[in-house]
Amino acid sequence: TNGSTINLYATKTFSVNVTDDTQLSRVLANLTFPDASNQLFTMANATLNNFTFVFNDSTQVGGYILRYQANDTANNVNISVTTNFTVNDNEPPVVSNATPINGTNFNQNVIINISLNALDKSAISQAIANVTFPNASQLRIRMFNVTGINFTGLLNDTSQAGNYIVRMEVNDSNGNLNNTILTNFTVRDITFPNVSYLNPNNSSNYNLYSIINISANVSDETQLSQILTNITYPNLSTIIFRMGNSS
């Protein structure tokens, strides 16, 4: 049918009815592809006046023009009938084997390899890993085709402890997008809190029954949960104090 649409790589049968006062010698279909190349098909007499051919080379996206050519045995030619159809690519790439695998754990400040496999009937134009950090900031990492269908990129900022979410975004050359694949991983905090400006100073001297202020500056990349002071007395007994945040 004029103006019909088929999918990329689909197979379609075309037909035309041809009659003549004498005997038909041949019926041809001259197909012009979107890139302006041509291919001539010989149509088979299917039933009575109906001639068909099977088209299985729909590898180009765009408009195709089909001109029928009918010859009879008296060498009369009719090339006045044309039709057109369009090949569309509406299918997004198929994405699989995304890494890191869901629920993987990593230590802070390691470099993490992010990868996926992507297949498409046309070409993959780009693969992006959209990383959401624990603090909700985002980073888009362009992934490169390393081998075959595998695309990979590196995340070299894992300074934040917590859960990371990665959304894979893969486009093909015809603008179809697959952004349905998610994976997540956790970065564990392995950095000790920084403790400085201790009070009392080392080797300080106090009188018996003095009240002694014990303090320290403590910082950490994540949130501090508690700060304790463990005191060992001259008789080797111990006591633990929970310290409060004064400023």
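Up top is the structure.
Attention here is on the structure that accompanies the text. (Residues numbered from 1 in each chain as written. Predicted model: local features only at pLDDT ≥ 70, side-chain atom pairs only at ≥ 80, totals over all residues. Heavy atoms only, no water.)

### Concerning the sheet that holds strand β5 (residues 44–47)
Across the sheet, three strands lie side by side as β2-β6-β5; this open sheet has antiparallel pairing. One side of each edge strand has no neighbouring strand; the edge strands of this open sheet are β2 (12–17) and β5. The sheet shows a mean angle of 40° between the axes of neighbouring strands, taken without regard to direction. In this structure, β2 lies alongside strand β6 (residues 50–55), joined through six bridges in antiparallel fashion. Paired with S15 across the bridge in β6 is T52. (Pairing = 2+ DSSP bridges. Helix = DSSP H or I, 4+ residues; strand = E, 2+ residues; numbered from the N terminus. Axes fitted to C-alpha atoms, helices over the stretch in contact; angles between N-to-C directions.)

### So, the packing of aromatic side chains
With the rule as written, the count across this model stands at 13 aromatic pairs. Seen from their ring centres, F14 and F53 are 5.5 Å apart, and the 20° between their planes marks the pair as stacked. Pair noted here: F14 is in strand β2 and F53 is in strand β6, with a separation of 39 residues, a long-range link. Between F41 and F53, the aromatic rings sit 4.6 Å apart at their centres with planes inclined by 25°, giving stacked as the arrangement. With F41 in strand β4 (residues 38–42) and F53 in strand β6, this pair connects stretches of sequence that are twelve residues apart. Taken as a pair, F41 and F53 share a single burial class, namely buried. A cation over a ring is seen here: K12 above F14, with NZ or CZ 5.7 Å from the ring centre. (Phe/Tyr/Trp six-rings, centres within 6.5 Å; stacked < 30°, edge-to-face > 60°. Buried < 20%, exposed > 50% of the residue type's maximum accessible area, 1.4 Å probe, protein only. Lys NZ or Arg CZ within 6 Å of the ring centre and 35° of its normal.)

### Structural notes on the pattern of salt bridges
Scanning the entire structure with this criterion turns up two salt bridges. Here K121 and E91 are joined by a salt bridge, their closest N and O atoms 3.1 Å apart. Of this pair, K121 sits in the loop between β12 (112–119) and β13 (124–132) while E91 sits in the loop between β9 (82–88) and β10 (94–99), and the two are 30 residues apart along the sequence. What makes K121 partly exposed here is its relative accessible area of 37%. Of the residues examined, E91 reaches a relative accessible area of 37% and is grouped as partly exposed. Of the charged contacts in the structure, one is a salt bridge between R140 and E169, with a shortest N-O distance of 2.9 Å. Remark: E169 occurs in strand β16 (residues 162–172) and R140 occurs in strand β14 (residues 138–147); sequence separation between them is 29 residues. Classification of R140 by relative accessible area gives partly exposed; the value is 47%. Exposure remark for E169: the relative accessible area of 14% places this residue in the buried category. (Salt bridge = Lys/Arg side-chain N within 4 Å of Asp/Glu carboxyl O.)

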